[in-house]
Amino acid sequence: MSLSEYAIVTLEEAKNFLHVDGDDDDLTLEFLIETATAKTEDYCSSCWVKRGITETHIGNGKQAINLYRLPVESVEAVIVDGVELEESDYIAQLSIGRLTGRIWQKDSVIEIAYTAGYADSYGQAAIPYAAKLAVLNALAAWWNNRMGVTSESIAGIGSVAYTGEEELPENAKAKLSSLRKRIL
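Criteria and cut-off values
Each residue is numbered by its place in its chain's sequence as written, counting from 1. Note on the predicted model: pLDDT of at least 70 is required for a residue's local features to be given, and 80 or more for side-chain atom pairs to be given and counted; whole-chain, interface and lining totals, by contrast, use all residues. To get the side-chain values, take all heavy atoms of the structure and skip hydrogens and water. We count a stretch as a helix when DSSP gives it H or I for four or more residues in a row; a strand needs E for two or more, and each element gets its number in order from the N terminus. Relative accessibility decides the category of a residue: with a 1.4 Å probe and only protein chains considered, values under 20% of the type maximum give buried, values over 50% give exposed, and everything between is partly exposed. A contact between two residues is defined here by any heavy atoms of the two lying within 4.5 Å. In these tables, accessible area is a Shrake-Rupley quantity obtained with a 1.4 Å probe, and a residue counts as shielded only by the protein chains included in the view. What makes a nonpolar core is a set of buried Ala, Val, Leu, Ile, Met, Phe, Trp, Tyr and Cys residues whose side-chain atoms join them at distances within 4.5 Å. Salt bridges are defined by distance alone: a side-chain nitrogen of Lys or Arg within 4 Å of a carboxyl oxygen of Asp or Glu. Pairing between two strands requires that DSSP report at least two bridges joining them. Here the axes come from fitting lines to C-alpha atoms, over the contacting stretch only for helices, and the angles between their N-to-C directions go from 0 to 180 degrees. Under this scheme an angle from 65 to 115 degrees is roughly perpendicular, one under 35 degrees roughly parallel, and one over 145 degrees roughly antiparallel; angles in between are oblique.

**Overview of the overall build of the protein chain**
Turning to step 1, where the next piece is worked out: Scanning the protein chain from terminus to terminus reveals four helices and nine strands.
Turning to step 2, where the next piece is worked out: Written out in order from the N terminus, the α and β elements of the protein chain read α-α-β-β-β-β-β-β-β-α-β-β-α.
Turning to step 3, where the next piece is worked out: Buried positions account for 38% of the 184 residues belonging to the protein chain.
Turning to step 4, where the next piece is worked out: Taking the contacts inside the protein chain whose residues are at least 6 apart along the sequence as the reference set, 73% of them involve residues at least 24 apart.
Turning to step 5, where the next piece is worked out: Within the structure as shown, the protein chain displays about 10300 Å² of accessible surface, and the carbon and sulfur contribution to it stands at 50%.

Shown next, in the form of structure tokens:
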């Protein structure tokens, strides 16, 4: 396995952050990097590295459709019930990821193709540093709890509970708070 083009942390950066030597655990680390990247993107409704997205909405009789991923760079196509709309048929508010300017007929099938993301590729300054740090924090939490321990206690000292591997750790969420967009 090698990291996808959408990973925002390299294997070398992860190893340095975790103080891991050798390459015996590379596959595990790559899997965790990909998972942490995807979880942080989902939490913020964002894409860190630009990519084309196609999503389907069902018309609700209102004037606005909110796109699922931000920041939106461009809208390539809007298709309603199989008919492609002209650009003049709607208003694309790219900065907030919203399409307005018409009533989206109730129960109509609306397909939207657009480009979203902060940077064209890994390593560009446009990727928020907080996102990268959140990925590293999630990676560290999951790496340090590879055995799946949910809690532990030491008599007379105290106890600690760990987040499940399927959840984004709280310290990673805290790093992302300023990047988190509206919740759909």
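**As for the nonpolar core**
For soluble globular proteins, nonpolar side chains are generally found buried alongside one another.
Turning to step 1, where the next piece is worked out: By size, the foremost hydrophobic cluster in this structure holds 29 residues, and its most contacted members are I8, W48, L139 and L176.
Turning to step 2, where the next piece is worked out: When residues of this core are traced back to their parent elements, those giving at least two are α1 (11–18), α2 (26–44), α3 (129–144) and α4 (170–176).
Turning to step 3, where the next piece is worked out: Broken down by element, this core gets its largest block of residues, nine residues, from α3.
Turning to step 4, where the next piece is worked out: Those residues in contact with W48 that sit more than four places away from it in its chain are I8, T37, T40, E41, G117, Y118, A119, I127, P128, A131, L176 and L179.
Turning to step 5, where the next piece is worked out: In this structure, C47, I65, L70 and V78 belong to the second largest nonpolar core, which totals 17 residues.

**A word on the pattern of salt bridges**
Turning to step 1, where the next piece is worked out: Applying the stated criterion across every chain, the model contains seven salt bridges.
Turning to step 2, where the next piece is worked out: With its nearest N and O atoms 2.7 Å apart, the salt bridge here joins E41 to R51. Within this pair, whereas E41 is found in helix α2, its partner R51 is found in strand β1 (residues 51–58), the two being separated by ten residues in sequence. Like E41, the residue R51 is buried in the burial classification.
Turning to step 3, where the next piece is worked out: Where D42 meets R69, a salt bridge forms, and the shortest distance between an N and an O atom there is 2.5 Å. One end of the pair, D42, is in helix α2; the other, R69, is in the loop between β2 (65–66) and β3 (72–80), and 27 residues separate them in sequence.

**A closer look at the sheet that holds strand β6 (residues 98–100)**
Turning to step 1, where the next piece is worked out: With antiparallel pairing, three strands are arranged side by side in an open sheet as β2-β6-β5. Looking along the sheet, the strands with just one partner apiece sit at the ends: β2 and β5 (91–93).
Turning to step 2, where the next piece is worked out: Here β5 runs beside β6; their pairing, made up of three bridges, is antiparallel. The residue bridging Q93 from the neighbouring strand is R98, located in β6.

**Quick word on the packing of α1 against α2**
Turning to step 1, where the next piece is worked out: Their axes nearest at 10 Å, the elements α1 and α2 cross at an angle of 100°. It follows from the interaxial angle that α1 and α2 lie roughly perpendicular. Together, L11, A14, K15 and L18 of α1 and D26, L29, E30 and I33 of α2 make up the contact between the two elements.

This is a description of form; function is not addressed.
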